[in-house]
2 protein chains.
Amino acid sequence: MDETDELLSIRAAELYYEENKTQDEIGQALRLTRWKVGRLLAQAKQQGFIRIEILHPRARRLPIERRLREERGLEDAIVVSSAGVSSPDELQARTAQAAADYLTALRPVPRTLGVSWGRTLFEISQHLRNGWATGVNVVQINGGVSLNRRAGTAAATAVAIAQKGGGSATLLPSPAILEHLATKEAIESDRVVAGVIELARSADAYLFSAGPADHTSVHIESGYLTEADVDLLVQKGAVGDVVGRYIDSEGNIVDPALDARTVGLTLDDVRDGRLRIAVIAGRSKHAVADAVVRSGLCSVLVTDEATALHLLDG
Amino acid sequence: MDETDELLSIRAAELYYEENKTQDEIGQALRLTRWKVGRLLAQAKQQGFIRIEILHPRARRLPIERRLREERGLEDAIVVSSAGVSSPDELQARTAQAAADYLTALRPVPRTLGVSWGRTLFEISQHLRNGWATGVNVVQINGGVSLNRRAGTAAATAVAIAQKGGGSATLLPSPAILEHLATKEAIESDRVVAGVIELARSADAYLFSAGPADHTSVHIESGYLTEADVDLLVQKGAVGDVVGRYIDSEGNIVDPALDARTVGLTLDDVRDGRLRIAVIAGRSKHAVADAVVRSGLCSVLVTDEATALHLLDG
DNA sequence: CCGCCGCCTGCTCATATGAGCAGACTTGCA
DNA sequence: TGCAAGTCTGCTCATATGAGCAGGCGGCGG
């Protein structure tokens, strides 16, 4: 396109989009036929001079969702728009809302839903509406009895999701990570615990997030790991955790010994699930989101625009 | 609009603008009639959920131009878009380009064009194309013989505009501001100088910018004023200068004694011009732009989006 | 409980837009 | 210079969209 046409296409776009003129009127104004005007507008669009944004907290980016499905082999993808977002918290809230919307619209409604816990899951539980489903039974898929004062958010999350969905919650009465392998084995051999894990394995769907491998990790906050532990994991290549299990950029377990002390579904258990919904948003989770998608841990991803684009770039 | 409709309108907008579906297809997808879809889209637009931007250095904001004409009584206004601008220099360049475009398209072509000088005018002269007009005679409307090494930009500006327009330049051989009133009167009584000023008064059009009243002023740079002088002017209410004359927010001369020592057209001379094109861009010139427009110094304004919105807010 | 008012819906019809095509025009090459 | 290929133009026709209207529905006051 030569310079003259480029300028004309801009003039035409101004008249068309800002002044609501018809292509015919624009033609008269610029001494062009209306067909020429149509072509100029098409060129302006195609060259990216026209940018259309949907400004709304609930806005999604369907073309990016499509690319995630097609290029990353996801069954489904939900990408929330970052347009007009001013803080990471806002982005997190939008993503949680989208996850809640997705669950609500999900058909067939899962009878048993396996959930992890953490900040993201808690926020999703808050965004769900009463009656989002009728009779959904929720089961925890990884240990979450907290060791300190923030106790109970793991349980509260599962209970809230179940309650608002008109069902009941089955909690996994165990810490996430134990200090000794023997303790972990003892706990898992407990009838109740083993039963919960068995139930979790049979869930119709899993809903989980992923944590970044850094000092903001909820495992540090909850007292399961120290900052030094996490630093060490990072040195070994960890990019984040899923259901309490730390993975590298390929989705492989970084520290098998640590993993053996972690209670709940294994990553392979998760991969065996039919519907595996991961909800991952925010700059700090780009790397782990990538690992989760690449290694097939999720079949459905709910995320934000920037994270999605990161996945598609790589 | 209730919450449900709001959400639907966002879904519809996504499908319409991002996926290029027809309203009919959207209707099928969302189980609505196509008329409902059309109404939802109209609502989304009207509520401002849809934002259409034209991303191009030459893009203008016609609705803002219209408002400037209607609400500020300008004969014409050119507002360049700030979309995607990263530095003040870029904004300045866009505005200068727009001014050059405006001059080039101007009909009838002025036979005599009075110009001021400064960074903005210089940049406009650089953006003009060879042959932008045929036989335009350019006359300086205020003194500009420089006192220091930056000498000659005033003259170079006028000459470049004239040369590229296939005409010749008439320079005003005088400093902008003189130290003593007597000197100024002596200079103005010189036959040549008086003749140039007389010619300037009869110009078909004036093209000028305005300077901010701060330490970046080109008058300080050129040595006509000291920083202390400008500080004093600011104390007296100066918001900037036009053709070397400092005005307050009402467009009145701030310091009559200083004004009397300034060579060139008076502000009233400028106001007597038929076509008075002011080119003013940048955050630091908001106040002076306001004064220029309010006091009728210009009949045509070329500016940037942010400055224009500032003028309309007040 | 009934009737009136106003909003919302889905229509008809007019208009605006996009697809595709035939001819004119330019451009590159022998 | 002359030819062939590709590009651009302005058309016809099909489709998508918007304006405006009649009927239906729900809400409110009597």
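Attention here is on the structure that accompanies the text. All of these numbers come straight from a predicted model, not from anything done at the bench.

### Points about the overall build of chain A
Consideration 1: Per the secondary structure count, chain A includes 15 helices and 11 strands.
Consideration 2: For the C-alpha atoms alone, the extent of chain A along its principal axes is close to 85 × 45 × 35 Å.
Consideration 3: Looking at chain A as a whole, 52% of its 314 residues qualify as buried.
Consideration 4: Relative to all contacts within chain A whose residues are 6 or more apart in sequence, the contacts with residues 24 or more apart total 69%.

### So, the sheet that holds strand β7 (residues 211-212) of chain A
Residues and elements named next belong to chain A.
Consideration 1: Taken in spatial order, the 3 strands of this open sheet run β7-β8-β9, and their pairing is antiparallel. Among the strands making up the open sheet, the edge pair consists of β7 and β9 (245-247).
Consideration 2: Pairing of strand β8 (residues 240-242) with β9 involves 3 bridges; the strand directions are antiparallel. The residue of β9 that forms the bridge with glycine 240 is isoleucine 247.

### Looking at the nonpolar core
Consideration 1: Membership of the largest hydrophobic core comes to 39 residues, with the highest contact counts inside it found for Leu68(B), Phe208(B), Val242(B), Ile247(B), Val292(B), Cys298(B) and Leu301(B).
Consideration 2: Of all the secondary-structure elements, those providing two or more residues to this core are α4 (62-72), β2 (76-80), α9 (191-201), β6 (205-208), α13 (267-272), β10 (275-280), α14 (286-294) and α15 (305-313) of chain B.
Consideration 3: Here the element with the most residues in this core is α14(B); it accounts for 5 residues.
Consideration 4: Once residues within four sequence positions are removed from consideration, Ile247(B) is found in contact with Gly237(B), Ala238(B), Val239(B), Gly240(B), Val242(B), Asn252(B), Val254(B), Leu267(B), Val288(B), Ala291(B), Val292(B) and Leu297(B).
Consideration 5: Counting residues in hydrophobic clusters, the runner-up holds 38 residues, among them Val79(A), Leu172(A), Leu265(A) and Val292(A).

### Let's talk about the relation of the copies chain A and chain B
Consideration 1: When chain A is fitted onto chain B, the two copies agree to an RMSD of 0.1 Å after a turn of 180 degrees and an axial shift of 0.0 Å. When the rotation and shift are considered jointly, the pair of chain copies conforms to a two-fold rotation axis. In terms of proximity to the rotation axis, the leading residue of chain A is Ile52(A), whose C-alpha is 2.3 Å off the axis.
Consideration 2: Comparing contact sets, 100% of the residues at the interface of chain A also lie at the interface in chain B, consistent with an isologous, same-surface contact.

### A few points about the pattern of salt bridges
Consideration 1: Taken as a whole and judged by the stated rule, the model has 45 salt bridges over all chains.
Consideration 2: The closest approach of N and O atoms between Glu305(A) and Arg61(A), which form a salt bridge, is 2.6 Å. Separated by 244 residues along the polypeptide, Glu305(A) in helix α15 (residues 305-313) and Arg61(A) in the loop between β1 (50-54) and α4 (62-72) bring together distant segments of the chain.
Consideration 3: Given a relative accessible area of 15%, Glu305(A) falls into the buried group.
Consideration 4: Across the salt bridge formed by Glu221(B) and Arg119(B), the nearest N and O atoms sit 2.6 Å from each other. Residue Glu221(B) is found in helix α10 (residues 218-222), and its partner Arg119(B) is found in helix α6 (residues 119-127); the two are separated by 102 residues along the sequence.
Consideration 5: Residue class for Glu221(B) comes out partly exposed when judged on its relative accessible area of 28%.
Consideration 6: The class for Arg119(B) is partly exposed, based on a relative accessible area of 39%.

### Topic: the sheet that holds strand β4 (residues 137-140) of chain A
Residue and element names in this part refer to chain A.
Consideration 1: A sheet is described by the order of its strands in space; here 7 strands give the open sequence β2-β11-β10-β6-β3-β4-β5, paired in parallel fashion. On the outer flanks of this sheet lie β2 (76-80) and β5 (169-170), each paired with one strand and no other.
Consideration 2: Here strand β3 (residues 112-115) pairs with β4 via 4 bridges, running parallel. Note on β4: the bridge partner recorded for threonine 112 is asparagine 137.
Consideration 3: With respect to the sheet, α4 is in contact with β2 and β11 (300-304), its orientation differing from that of β2 by roughly 145 degrees.
Consideration 4: Contacts from helix α7 (residues 153-164) reach β3, β4 and β5, with the element oriented near 165 degrees to β4.

### A short note on the side chain of Gln97(B)
Consideration 1: If you trace the backbone, Gln97(B) turns up in helix α5 (residues 88-105).
Consideration 2: Excluding its chain neighbours within four sequence positions, the residues that come into contact with Gln97(B) are Arg58(B) and His127(B).

### Brief notes about the protein's contact with DNA strand C
Consideration 1: With respect to spatial proximity, the complete set of residues near DNA strand C consists of Tyr16(A), Thr22(A), Gln23(A), Arg34(A), Arg39(A), Thr33(B), Trp35(B), Lys36(B) and Arg39(B).
Consideration 2: Sugar and phosphate atoms constitute 52% of the interface atoms of DNA strand C, taking the interface as everything within 4 Å of the protein.
Consideration 3: One of the side-chain nitrogen or oxygen atoms of Tyr16(A) is found 3.0 Å away from a phosphate oxygen of DNA strand C.
Consideration 4: Between DNA strand C and Trp35(B) there is a distance of 3.3 Å, counted from a base oxygen to a side-chain nitrogen or oxygen.
Consideration 5: Elements with a contribution of two residues or more to the surface near DNA strand C: α3 (34-46) of chain A together with α3 (34-46) of chain B.
Consideration 6: It is α3(B) that provides the largest number of residues to the surface near DNA strand C, a total of 3 residues.
Consideration 7: Residue composition of the surface near DNA strand C, by class: 2 nonpolar, 3 polar and 4 charged.

### A look at the protein's contact with DNA strand D
Consideration 1: All residues adjacent to DNA strand D are Thr33(A), Trp35(A), Lys36(A), Arg39(A), Tyr16(B), Thr22(B), Gln23(B), Arg34(B) and Arg39(B).
Consideration 2: Of all DNA strand D atoms lying within 4 Å of any protein atom, the proportion belonging to sugar or phosphate reaches 50%.
Consideration 3: One of the side-chain N or O atoms of Tyr16(B) is found 3.0 Å from a phosphate oxygen in DNA strand D.
Consideration 4: The contact in question runs from a base oxygen of DNA strand D to an N or O atom on the side chain of Arg39(B), over 3.3 Å.

### Quick word on the packing of α4(B) against α15(B)
Any two packed helices are characterised by the angle at which their axes cross and by the distance between the axes.
All names here are of chain B.
Consideration 1: Orientation of α4 relative to α15, taken along the N-to-C sense of each, is 30 degrees, at an axis distance of 10 Å. In terms of orientation, α4 and α15 fall into the roughly parallel class. Crossing hand, α4 versus α15: left-handed. Packed against α4, whose contacting residues are Ile64, Arg67, Leu68, Glu71 and Arg72, the element α15 presents Glu305, Ala308, Leu309, Leu311 and Leu312 at the interface.

Conventions used here
- Residues numbered from 1 in each chain as written.
- Chains lettered and ligands numbered in written order.
- Predicted model: local features only at pLDDT ≥ 70, side-chain atom pairs only at ≥ 80, totals over all residues.
- Heavy atoms only, no water.
- Helix = DSSP H or I, 4+ residues; strand = E, 2+ residues; numbered from the N terminus.
- Buried < 20%, exposed > 50% of the residue type's maximum accessible area, 1.4 Å probe, protein only.
- Contact = heavy atoms within 4.5 Å.
- Pairing = 2+ DSSP bridges.
- Core = buried A, V, L, I, M, F, W, Y, C linked by side-chain atoms within 4.5 Å.
- Least-squares fit on C-alpha atoms with pLDDT ≥ 70 in both.
- Salt bridge = Lys/Arg side-chain N within 4 Å of Asp/Glu carboxyl O.
- Axes fitted to C-alpha atoms, helices over the stretch in contact; angles between N-to-C directions.
- Near = heavy atom within 4 Å.
- Polar contact = N/O pair within 3.5 Å; in protein donor to acceptor, adjacent residues only side chain to side chain.
- Nonpolar A, V, L, I, M, F, W, Y, C, P; charged D, E, K, R; others polar.
- Parallel < 35°, antiparallel > 145°, perpendicular 65-115°, else oblique.
- Left-handed = near helix turned anticlockwise from the far one by under 90°.

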